[in-house]
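Here is what each chain is made of, one letter per residue.
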Amino acid sequence: FGIHTLLVVTVTLSPVTAAAPSANDVTGEDAYPPLWDLAPENLLDFPVKDNKIVISAWNYQARLGVYKSLLNASAKYFGAFGLQNSGNILWGLPLQHGWQFRTGRLADPSGVTSCGYENGDHLCQSVRSWWSCMNYYLAIIPFLGAVEAGLFGQLPYEIEILPPEERKDDFCYSVKDCWSRMPKLMDDWKAFFEVNNFFIVFRNYTKNCSATFSSFKLDDALGLMWKAHTTSIAYGLPKFQDRLKYLSDPEANFSEDWANGVDFIAATHFCTDLPTTNNFQAFLPQRMLSEGDVLPSISDFSPQQNKVLVSLRVLHKANKLTGGLLLKLWQRAMSTEAGREMGRKLIEGLTSS
């Protein structure tokens, strides 16, 4: 089953032929997650209590501050890839989280509380939200892995993550706690940040790095990041399956389709810098899906957004029907740099004319 055939199959499953905005089209405040300027800049901007930096992970602005701290601390690694840290491959994480916030996916979908709603605590992230819970493993766990890897240097205080009001056992709250409960997940994220620490030390001794060297190292970093990313999702999927019951059937289907689609994107080492992620996210649904939404003709979605949703649905169904064989074949095809380049071009082609 050759790579060419696999790409043709995937193109057939994903017939998106929309004109994507260029990198230069996403400018100003629109390029960043909502409330980005108000988020804490670094770890010492968070409250300190009893010699601990206290982070309220169920507050959108605080969780955004975790991402901002990661981006600021890692900026020196990615200076060669874009101005003002725009080439930092960690941008994909806060931008996805910002999309979830903007589209109401972090609010309480059960309607029992006002968490996340305009008439309640707008910045609250509900522990009943599938998206918010899944994101915990793509925000707090990477952050604690980075702390353990030494990304922030020698901190004067320990880190304490505040728990949610319910379902506390679904999460961990400190470096030590997370290491004891999910060592594989912590190890993958720590490995990503440790390798990037090595890269910057190596570059300090290497003047005039060639484009080939930089490109190779970026691909290597993307591979480690995506490995940790998909491990986080695989860990969270069974744990938060019960949260899907609060969602409409279309939204629940899309949630699982999204998680499946990430595995395919990850295999290409898709670049998650600021402009690329923004362009890609333009085709995601800009609100929660409701029971009346029927693909591929959701009236207030663009034709491109409808096509993306259909593509993700078909891809997920095909992967399930083959018992995961489709993903394995795709991953095999993406096992070389040449294959990954073809895969990235395919994904970019799905959102360009």
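Structure: above.
What you see is a predicted model; the values in this text were computed from it and never measured. By convention here, each chain's residues receive numbers from 1 onward along its written sequence. At least 70 in pLDDT is required for a residue's local features to be given in this predicted model, at least 80 for side-chain atom pairs to be given and counted, and no such filter applies to totals for whole chains, interfaces and linings, which use all residues. Side-chain metrics rest on all non-hydrogen atoms present in the structure, leaving aside hydrogens and water.

Lay out helix α12 (residues 325–333) in plain terms, naming residues and giving numbers.
In this scheme, a residue with accessible area under 20% of its type's maximum is buried, one over 50% is exposed, and one in between is partly exposed, where area comes from a 1.4 Å probe on protein chains only. What counts as a helix is a DSSP run of H or I of at least four residues, what counts as a strand is a run of E of at least two, and both are numbered from the N terminus. Residues of α12 that are buried include every one of Leu326, Leu327, Leu329, Trp330 and Ala333, and no others. For α12, the angular spread of the buried residues around the axis is 160 degrees, confining them to a single face. Seen from the open side of α12, the exposed residues pointing more than 90 degrees away from its buried face are Lys328 and Arg332. Taking the helix axis as origin, the arc is that swept by the directions to the C-beta atoms.

I'd like a rundown of the state of the cysteines, residues and numbers included.
Any two cysteine sulfur atoms within 2.5 Å of one another count as a disulfide. This structure, assessed with the given rule, holds two disulfides. Here Cys115 is linked by a disulfide to Cys124, with a sulfur-sulfur distance of 1.9 Å. Negative torsions about the S-S bond denote left-handed disulfides, and the value of about -90 degrees found for Cys115 with Cys124 makes this one left-handed. As far as burial versus exposure is concerned, Cys115 and Cys124 are alike and both buried. In this model Cys172 forms its disulfide with Cys178; the gap between the sulfur atoms is 1.9 Å. The sign of the 95 degrees torsion about the S-S bond sets the Cys172-Cys178 disulfide as right-handed. For the pair shown, Cys172 and Cys178 are each scored as buried.

Now, about the packing of helix α2 (residues 60–74) against helix α3 (residues 92–102): what can you tell me, with residues and values included?
For helices, the fitted line uses only the C-alpha atoms of the stretch in contact; every axis is such a line through C-alpha atoms, and the angle between N-to-C directions lies from 0 to 180 degrees. Viewed as axis vectors pointing N to C, α2 and α3 meet at an angle of 165 degrees, and their least axial separation amounts to 10 Å. Judged on the interaxial angle alone, α3 and α2 are roughly antiparallel. In terms of crossing hand, the pair formed by α2 and α3 is left-handed. Together, Tyr60, Arg63, Tyr67 and Leu71 of α2 and Leu93, Pro94, His97, Gly98 and Phe101 of α3 make up the contact between the two elements. Three residue categories are used. Nonpolar comprises Ala, Val, Leu, Ile, Met, Phe, Trp, Tyr, Cys and Pro, charged comprises Asp, Glu, Lys and Arg, and polar comprises the others, including Gly. Considering only residue class, the contact of α2 with α3 consists of six nonpolar, two polar and one charged. Each angle gets one of four labels, with under 35 degrees taken as roughly parallel, over 145 as roughly antiparallel, 65 to 115 as roughly perpendicular, and the rest as oblique. Crossing chirality is assigned from the near helix's rotation relative to the far helix, an anticlockwise turn below a right angle marking it left-handed and a clockwise turn marking it right-handed. Whether two residues are in contact is decided by their heavy atoms, any of which lying within 4.5 Å being enough.

Lay out unusual backbone geometry with the relevant residues and their values.
Between Leu295 and Pro296 the backbone carries a cis peptide bond, its omega angle lying at 5 degrees. Mapped onto the fold, Pro296 is located in the loop between α10 (274–281) and α11 (303–321). The phi dihedral of Leu35 falls on the positive side, at around 65 degrees, and the residue is not glycine. Structurally, Leu35 is set in the loop between α1 (3–13) and β1 (48–49). Residue Leu35 is classed as partly exposed on the basis of its relative accessible area of 32%. For Arg167, which is not a glycine, the phi torsion comes out positive at approximately 55 degrees. Relative to the helices and strands, Arg167 is located in the loop between β3 (158–162) and α6 (175–181).

Tell me about α3, and please be specific about residues and values.
In terms of burial, α3 is largely enclosed, as 10 of its 11 residues are buried. Where α3 is concerned, the buried positions are Gly92, Leu93, Pro94, Leu95, Gln96, His97, Gly98, Trp99, Gln100 and Phe101. Once α3 finishes, Gly104 follows within two positions and takes phi at roughly 80 degrees, a positive value.

Explain the pattern of salt bridges to me, using residue names and the numbers behind them.
Salt bridge, as used here, is a side-chain nitrogen of Lys or Arg placed within 4 Å of a carboxyl oxygen of Asp or Glu. Applying the stated criterion across every chain, the model contains 19 salt bridges. The closest approach of N and O atoms between Arg243 and Asp170, which form a salt bridge, is 3.0 Å. Placement of the pair is Arg243 in the loop between α8 (211–239) and α9 (249–266) and Asp170 in the loop between β3 and α6, with a sequence separation of 73 residues. Like Asp170, Arg243 is buried. Of the charged contacts in the structure, one is a salt bridge between Arg344 and Glu337, with a shortest N-O distance of 3.1 Å. Each of Arg167, Asp170, Asp242 and Arg243 takes part in one network of salt bridges that share partners.

Can you lay out the packing of aromatic side chains for me, pointing to particular residues and giving the numbers?
Stacked, tilted and edge-to-face pairs are distinguished by plane angle, under 30 degrees for stacked and over 60 for edge-to-face with tilted covering the rest, among Phe, Tyr and Trp rings (Trp via its six-membered ring) whose centres lie within 6.5 Å. Inspection of the entire model under this criterion finds 24 aromatic pairs. Between the aromatic rings of Trp131 and Phe254, the centroid separation amounts to 5.7 Å while the plane-to-plane angle is 35 degrees, which identifies the pairing as tilted. You can see Trp131 sitting in helix α4 (residues 130–136) and its partner Phe254 sitting in helix α9, a full 123 residues away along the chain. Each of the two residues, Trp131 as well as Phe254, counts as buried. An angle of 85 degrees between the planes, with centres 6.4 Å apart, marks the rings of Trp189 and Phe192 as edge-to-face. In this pair, Trp189 and Phe192 both sit in helix α7 (residues 183–204), three residues apart, roughly one turn of the helix. Like Phe192, Trp189 is buried. Grouped by ring-pair contacts, the aromatic residues Trp58, Tyr136, Tyr137, Phe171, Tyr235 and Phe240 constitute a single cluster. Sitting over a ring, as applied to charges here, requires NZ of Lys or CZ of Arg to be within 6 Å of the ring centre and within 35 degrees of the ring normal. The ring of Trp58 carries the charged tip of Arg63 above its face, separated from the ring centre by 4.9 Å.

So, the sheet that holds β1: which residues are in play, and what are the values?
DSSP-based pairing: two strands are paired if at least 2 bridges between them are found. Here we have three strands laid out as an open sheet, ordered β1-β2-β3, and mixed in their pairing. Of all the strands in the sheet, just β1 and β3 have a single pairing partner and so form its edges. Note that β1 and strand β2 (residues 52–56) share two bridges and pair antiparallel. Paired with Val48 across the strands is Ile53, a residue of β2. In this fold helix α5 (residues 140–149) packs onto β2 and β3, with an angle of close to 170 degrees to the strand it touches most, β3.

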